[in-house]
Amino acid sequence: MITLDNVHKSFGSNKVLRGVTLTIPRGESMVIIGGSGTGKSVALKSVLGLVTPDQGTITVDGEDVTRVERDAFLARFGMLFQGGALFDSLSVWQNVAFRLLRGSLKRPKDEAREIAIEKLRRVGLKPEVADLFPAELSGGMQKRVGLARAIAAEPEIIFFDEPTTGLDPIMSGVINELIREIVVEMGATAMTITHDMTSVRAIADKVAMLHDGVIKWTGNVADMDDSGDPYLDQFIHGRSDGPIEAVR
Amino acid sequence: MSVLAPVAAVGRGTLAILAAIGRITIFTLQTLGHMIRPPFYFKELFQAVMNIGYFSLPVVGLTTFFTGGALALQIYAGGARFNAESVVPSIVAIGMVRELGPVLGGLMVAARVASSIAAEIGTMKVTEQIDALVTLSTHPMKYLTVPRVLAATLVVPALIAVGDTIGIMGGYIVGITRLDFNAANYINNTVDFLQTWDVTSGLLKGAVFGFIIALMGCYYGMNSGRGAQGVGHATKSAVVAASILILASNYLLTELFFSA
């Protein structure tokens, strides 16, 4: 279980998180929605320790993330980055097997390659892709490789940062389905940030709406349309009038 | 208020410079700390040795070859004023191994390598590859900074040694083809007047310059701003900082090695 309790984070005078409190139960898929610049990525990166909160606590299974042994802690996570964040200098299979080629999870090279090819197959890519370099792939293929890398070491917790950004609707649908299948299949806890409502409905068990640095609404995805929350209603229907200020 | 404005501007500038020195010092100490603590990434070290050392050979070789040739012409022309043309081989050799080889070689490597490291790491930062490294339980300083700094510190002296040799050869070719030196005499003069310390002091300078070059590339890359402009700025800053630090440290090392 991941818990954020009254988390604050500022960058200079810009207060991004103003007391985020959120619980993600083990094995559930939580999607955090909200407009651009509302602090979704900061909240996600705070859990991983990529950003240090100014105030508040974040725990994973009761352990404060600032006091855990970093390597063992991070070995529990997989993450799909918005732009894929694949390493240009490494081939596709070396990207996927990155964690398996070094550190505490190191395996023999042949075994790591085999696992990488298996994971590539799981996300719908052929083994021939394994020896290509990221620059040779389309955006959708890069996302799939990023997804394969995120699941390569069978993590307990997977984070997805804007998984469908920059993809066409059909490819977005494919990625959404893959994410849902993989999360269910692995029994992983998932935390996704997005403003793509199709993704929300495809991926989420629960939804949290982040606005102005705080969680405005949280609940089951099925309750989202009847929430009665003016912020959530405006966001999910994409209306320009409402409590969320829309700059024209 | 307006009377104090220039003083405030000087103060702000001074504080900014001191803060930058502090950040670079901390970065240097962190790099040294990670150098001696496992894990060590030998494959990345080998790649860095190839990129920084082997692929810089043409640049350093051409630079020192032409410099050696020009130096021979200059010393011959200058020496002719007091009938000292015969010092060309020894001055070319000493000038190349003590100063011009390390400094010009270092500056050329700075232009080629500091820029490339800063651009590569800056782009990695902008595209979240550095964050990805962290989530994959890999410390960015150990994986990116340490191999590059270690490789540059080890291979720039070797590059300088090759550059020194090529530079002396440039002087030799000009000496025997344009200045009518006897080939055997030229080589004898070069060898007789050159001392071991002349060569080793230049190589030590090369090690320091290599350390500075890679460190500046990594520092500015890791602290790159967002977007193409941020990476461009980081690249430019890395080359400028590395070049200035090479020239400044060259003076300090020369003072240390050769002052009476």
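Here the residue numbers are simple positions, counted from 1 along each chain's written sequence. For naming, the first written chain is A and the first written ligand is 1, with later ones following in the order written. Given that the model is predicted, a residue must reach a pLDDT of at least 70 before its local features are reported, and side-chain atom pairs must reach 80 or more before they are shown or counted; all residues, however, enter totals for whole chains, interfaces and linings. With hydrogens and water excluded, all non-hydrogen atoms of the structure serve as input to the side-chain values.

1. Some points on the domain arrangement of chain B
All names here are of chain B.
- By the assigned domains, chain B splits into domain 1 (1-37) and domain 2 (41-258).
- For the domain bounds, the source is a domain assignment made automatically or taken from a database. Each of domain 1 and domain 2 has a C-alpha centre, and the two are 27 Å apart.
- Note on contacts: a residue pair is in contact if any heavy atoms of the two residues lie within 4.5 Å. Domain 1 puts 11 residues into the contact, and the matching count from domain 2 is 14 residues.
- Each reported salt bridge corresponds to a side-chain nitrogen of Lys or Arg within 4 Å of a carboxyl oxygen of Asp or Glu. Our count for the contact surface shared by domain 1 and domain 2 stands at 0 salt bridges.
- Throughout this description, a polar contact denotes any pair of N or O atoms lying within 3.5 Å of each other; where both atoms belong to protein, one of them has to be capable of donating a hydrogen while the other can accept it, and for residues adjacent in sequence the pair is counted only when both atoms sit in side chains. Where domain 1 touches domain 2, the interface holds 3 residue pairs in polar contact (both at pLDDT 80 or more).
- Residue classes follow a fixed rule: Ala, Val, Leu, Ile, Met, Phe, Trp, Tyr, Cys and Pro count as nonpolar, while Asp, Glu, Lys and Arg count as charged, and any other residue, Gly among them, counts as polar. Residue classes in the side of domain 1 that touches domain 2 are distributed as 5 nonpolar, 4 polar and 2 charged.

2. Quick word on helix 6 (residues 140-177) of chain B
- Secondary structure elements follow DSSP: runs of H or I no shorter than four residues count as helices, runs of E no shorter than two count as strands, and numbering proceeds from the N terminus. In a helix, the anticipated span is given by 1.5 Å times the number of residues less one. Helix length check: helix 6 of chain B (38 residues) gives 52 Å between terminal C-alpha atoms against 56 Å at 1.5 Å per residue, within 8%.
- Across the chain, bend at a residue is computed as the angle between axes fitted to the seven residues ending at that point and the seven starting from it. Remark: the principal bend of helix 6 of chain B, roughly 30°, maps to B:Val146, with a proline, B:Pro147, within the next four residues.

3. Observations regarding the interface of chain B and chain A
- Tallying the contact residues gives 16 residues for chain B and 23 residues for chain A.
- Throughout, the accessible surface (probe 1.4 Å) given up by two parts as they are put together, summed over both, is called the buried area. Carbon and sulfur atoms make up 57% of the surface buried where chain B meets chain A, a total of about 1600 Å² over both sides.
- Taken as a group, B:Glu128, B:Thr135 and B:Leu136 account for 37% of the area that chain B buries against chain A, more than any other trio of residues on that side.
- Run the count over chain B and chain A and you get 3 salt bridges.
- Inspection of the region where chain B meets chain A yields 5 residue pairs in polar contact (both at pLDDT 80 or more).
- Broken down by secondary-structure element, the contributors of at least two residues to the side of chain B that touches chain A are helix 2 (42-52) and helix 5 (129-135) of chain B.
- The element that contributes the greatest number of residues to the side of chain B that touches chain A is helix 5 of chain B, accounting for 6 residues.
- Residue classes in the side of chain B that touches chain A are distributed as 7 nonpolar, 5 polar and 4 charged.

4. Remarks on the pattern of salt bridges
- Scanning all chains against the criterion turns up 19 salt bridges over all chains.
- One salt bridge connects A:Arg102 with B:Glu44, and the closest N-O pair in it is separated by 3.7 Å. You can see A:Arg102 sitting in the loop between helix 3 (92-96) and helix 4 (109-122) and its partner B:Glu44 sitting in helix 2, one on each of two chains. As far as burial versus exposure is concerned, A:Arg102 and B:Glu44 are alike and both buried.
- Note that B:Arg98 is salt-bridged to B:Asp198, the shortest N-O span being 2.8 Å. Of this pair, B:Arg98 sits in helix 4 (residues 88-126) while B:Asp198 sits in helix 8 (residues 196-222); the two residues are 100 residues apart in sequence, bridging distant segments of the chain.
- Here the salt bridges share partners, and the residues they tie into one network are A:Arg26, A:Asp61, A:Arg76 and A:Glu156. Accessible area is worked out with a 1.4 Å probe on protein chains only. A residue is then buried under 20% of its type maximum, exposed over 50%, and partly exposed in between.

5. Re the packing of helix 4 of chain A against helix 5 (residues 139-151) of chain A
Residues and elements named next belong to chain A.
- Note on method: axes are straight lines fitted to C-alpha atoms, helices fitted across the in-contact stretch only, with angles between N-to-C directions ranging 0 to 180 degrees. Across the interface, helix 4 lies against helix 5 with an axial gap of 9 Å and an inter-helix angle of 125°. Considered as vectors, helix 4 and helix 5 are oriented oblique to each other. Taken as a pair, helix 4 and helix 5 cross one another with a handedness that is right-handed. Along the contact surface, helix 4 presents Lys-119, Leu-120 and Arg-122, while helix 5 presents Val-145, Ala-148 and Ile-151. Under this scheme an angle from 65 to 115 degrees is roughly perpendicular, one under 35 degrees roughly parallel, and one over 145 degrees roughly antiparallel; angles in between are oblique. Each crossing gets its handedness from the near helix: less than a right angle anticlockwise from the far helix is left-handed, clockwise is right-handed.

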